[in-house]
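# What the coordinates show
Listed here are the chains, written in short residue letters.
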Amino acid sequence: MNHGQWNKKERKKDENPVPCQIGGEDVRKFLDKEWIGRLSEIVGEKNVLTDEENLERYSRDETMGLQAFPDVVVKAGNVQEISKVVRLAAGWGIPVTPRGLGTGLSGGCLPTLGGIVLSMERMNRVLDVDHENLMVVTEPAVITAELHRTVEAEGLFYPPDPASLESCSIGGNVAEGSGGPRAVRYGTTKDYVCGLEAVLPNGEIISTGGKVVKDVTGYNLTQLLVGSEGTLAIFTRITLRLIPKPKLKVNLLAPFSELSAAAKTVSALLQEKIVPTAIEFMDQPAMRLAEKYLKKEIVFDTAAAHLLIELDGNRKEDFDHLLDTVGTVCERFGAWDLLVADQKEAQNRLWEGRRCIFEAANRIGGVYETMDVVVPRSRIADLVRSAQGIAEKSRLEPVCVGHAGDGNVHVLYFKPEDMEKDRWTEEIKKATLTLYRTTLEMGGKITAEHGIGLTRKPYLSLDLSETQIELLKGIKKAFDPKGILNPGKIF
Ligand SMILES: Cc1cc2nc3c(=O)[nH]c(=O)nc-3n(C[C@H](O)[C@H](O)[C@H](O)COP(=O)(O)OP(=O)(O)OC[C@H]3O[C@@H](n4cnc5c(N)ncnc54)[C@H](O)[C@@H]3O)c2cc1C
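Counting of residues starts from 1 at the beginning of each chain's written sequence and follows it residue by residue. pLDDT decides what is reported in this predicted model: residues at 70 or higher carry local features, side-chain atom pairs at 80 or more are listed and counted, and totals for whole chains, interfaces and linings draw on all residues regardless. Side-chain measures were taken over the full set of non-hydrogen atoms in the model, leaving aside hydrogen atoms and water.

Quick look at the site of the ligand now. Taken together, 35 residues lie around the ligand, and Pro98, Gly100, Thr103, Ser164 and Ser169 are the ones closest in. Between the ligand and Gly102 there is a distance of 2.8 Å, counted from an oxygen atom to a backbone nitrogen or oxygen. Between Thr103 and the ligand, the recorded distance is 2.6 Å, taken from a side-chain N or O atom to an oxygen atom. Accessible areas in this description were obtained via Shrake-Rupley with a 1.4 Å probe; residue shielding takes into account the shown protein chains only. Out of a free accessible area of 980 Å², the ligand has 98% covered by protein chains. Secondary structure elements follow DSSP: runs of H or I of four or more residues count as helices, runs of E of two or more count as strands, with numbering from the N terminus. If you list the elements that add at least two residues to the shell around the ligand, you get β3 (96–99), α5 (170–176) and β10 (234–241). Nearness is judged by heavy atoms alone; a residue qualifies as near a molecule or strand once a single heavy atom is within 4 Å of it. By the criterion applied in these results, polar contacts are pairs of N or O atoms within 3.5 Å in which, for protein atoms, one can donate a hydrogen and the other can accept it, and in which residues neighboring in sequence qualify only through two side-chain atoms.

Quick look at the side chain of Thr188 now. Take Thr188: it is sitting in the loop between α6 (183–186) and β8 (193–199). Here's how the labels work: a residue is buried when its accessible area is under 20% of the maximum for its type, exposed when over 50%, partly exposed in between, all with a 1.4 Å probe on protein chains only. Its relative accessible area of 18% is what places Thr188 among the buried residues. Throughout, a contact is declared for two residues whenever any of their heavy atoms are within 4.5 Å. Contacts of Thr188, omitting those with residues within four sequence positions, involve Pro160, Gly177, Ser178, Gly179 and Ala183.

Moving on, we get to the sheet that holds strand β13 (residues 278–283). Hydrogen bonds between backbone groups are what pair the strands of a sheet, and the pairing can be parallel or antiparallel. One bridge is not enough; two strands pair if DSSP finds at least two bridges between them. Across the sheet, which stays open at both edges, the seven strands sit in the order β15-β12-β14-β13-β17-β18-β16 with antiparallel pairing between neighbours. Each edge of the open sheet carries a strand with a single partner, namely β15 (339–341) and β16 (368–374). Across the sheet, the axes of successive neighbouring strands diverge by a mean angle of 15°, strand direction being ignored. Bridge analysis of strand β12 (residues 248–256) against strand β14 (residues 305–313) gives nine bridges, and the strand direction is antiparallel. Paired with Asn251 across the bridge in β14 is Glu310. Think of each axis as a best-fit line through the C-alpha atoms, taken over the contacting stretch in the case of a helix, with angles from 0 to 180 degrees between the N-to-C directions. Strands β13, β14, β17 (397–403) and β18 (408–414) of the sheet are contacted by helix α9 (residues 284–294), whose axis makes an angle of about 85° with β13. Contacts between helix α12 (residues 357–364) and the sheet are confined to β13, β16, β17 and β18, with β18 contributing the most and set at about 10° to the helix.

When we look at burial in α12, the residues that qualify are Ile357, Phe358, Ala360, Ala361 and Asn362. Tucked into the core, α12 has its buried residues touching β13, α9, α11 (344–355), β16, β17 and β18. Of the residues trailing α12, Gly366 is marked for its positive phi of about 85°.

Now for the environment of Glu258. Its place among the elements puts Glu258 in the loop between β12 and α8 (259–271). Along the sequence, Glu258 and Gly334 sit 76 residues apart, while their C-alpha atoms lie 8.3 Å from each other.

Moving on: the environment of Tyr58. Turning to its location among the elements, Tyr58 is positioned in the loop between α2 (52–57) and β2 (72–75). Among the residues examined, Tyr58 registers a relative accessible area of 3% and is labelled buried. Each C-alpha atom of the pair Tyr58 and Gly155 lies 37 Å from the other, and the pair is 97 residues apart in sequence. Look past the residues within four positions of Tyr58 in its chain and what remains in contact with it is Leu49, Ala68, Pro70, Val73, Lys75, Arg99, Pro111, Val117, Ser119 and Glu121. A polar side-chain atom of Tyr58 sits 2.7 Å from a polar atom in the side chain of Glu121.

Salt bridges are defined as contacts in which a side-chain nitrogen from Lys or Arg sits within 4 Å of a carboxyl oxygen from Asp or Glu. Enumeration over the complete set of coordinates arrives at 30 salt bridges. A salt bridge links Lys75 to Glu121, with the nearest nitrogen and oxygen atoms 3.7 Å apart. Separated by 46 residues along the polypeptide, Lys75 in strand β2 and Glu121 in the loop between β4 (116–119) and β5 (126–130) bring together distant segments of the chain. Exposure remark for Glu121: the relative accessible area of 23% places this residue in the partly exposed category. Arg315 is the partner of Asp318 in a salt bridge, and the nearest nitrogen-oxygen pair spans 3.0 Å. Overlapping salt bridges bring together Asp128, Asp130 and Lys211 as one network.

These figures come from the coordinates and say nothing about function on their own.
Here it is as structure tokens:
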């Protein structure tokens, strides 16, 4: 069979081209008509996109300043099509980059070496809500909030709730091991994945786990694939554990005059053995950004920091007691008011400001970089203080928001308008490195939920030893000896 020539055509790239390296071999090549024809035979002509407008559309995710063009976008409709596309690509030695809905914050779905972007967007059906086993089986491109709505309509609950839940996919969540505000009480995506159907980089289809709660048959491949950032396998069907939907839910908004008081409240709540569903944190610059973006006033906008607390439960007596205790602790640490929302509309209004921060930063915030650091929960006040101190030294403008209840703070460092581009490049590098070192000294990690992807790969060795990195590379090689699946990420 003649596989033609794989020469990557020259494209105009972003100012910040992504470094592309796959096993030292440059595989930038060009997909010819014959190959496009073969792909069209598999998925149908209308699902193979090569026009500039679409290539541009699939060249970005939500990570600021990154862009990499695919040569072709393939929208597969089922597992067999994916298997055939990957088999073909493996034969040609063409990179394949899986893509969910492109909301990633570490450049994970960008095709750094060109080739095929394999979009999962057509595979968007919830297949089975299983009441007997308390499980749901879903295709990968179901929007996370849609999954929530589907199972909640049947009295069930899927807790993981990334702030992007209305626009990200469940497959992307599994690939990133995504978290969200409710991680405090319910854990992250990894705690709910029981089974996966996946296509390996040679096109073979495997099934791991299943509708079982326990499984120790060999190494835990299901959990190895969770958080693998699209580099080991492509998920085509996902089995998730569900729990009964809590009957009661309330949100509280507590304003503080001092940032450290808000942070201390988080530790105090946990010390009282109270584990809320969520404890989110926003500093004043974050509130200002949200106000500017939403074009409306945020309640208590003169506060130095807000805590947004969610509680849930089933028995009214227990719930009322919990509510009282949380109110008392907030007051003890200086909250000067407490807004309680027990109706859906009011609750949504409280969450609106917190959920929009990344969108606001991307649309109106200017130039910035995001950190996704996590520390043991008792160190949250120290982390926020350090993040601000680092910004001050480098003359950067910090915004701190995050999942305070689980120790995960998103620090956004913005470039001041009057700072020269070269100076910004130097300062942001310095600040990033210092923040990561400080985080690690506190017993933390450089990424909690956004992944290594492209943006954090230069920093991986700050945290992991050479031996650990070699082990990870060995795993990658065992799954993908030719290095065709999402190359250029993590390492
Ligand atoms: C406003 C905003 C708020 C956010 N809030 C949170 C938050 O609270 N918590 C959090 O964890 N993240 C958050 N994120 C980040 C992002 O939404 C998550 O990482 C999400 O899981 C990505 O899903 P996606 O479908 O957009 O994936 P994409 O961005 O398309 O892809 C992400 C990665 O997953 C891989 N991938 C996608 N689908 C598959 C598949 N089927 N098989 C194998 N690999 C696949 C890709 O190759 C890529 O490496 C936020 C992002 C934004 C823009």
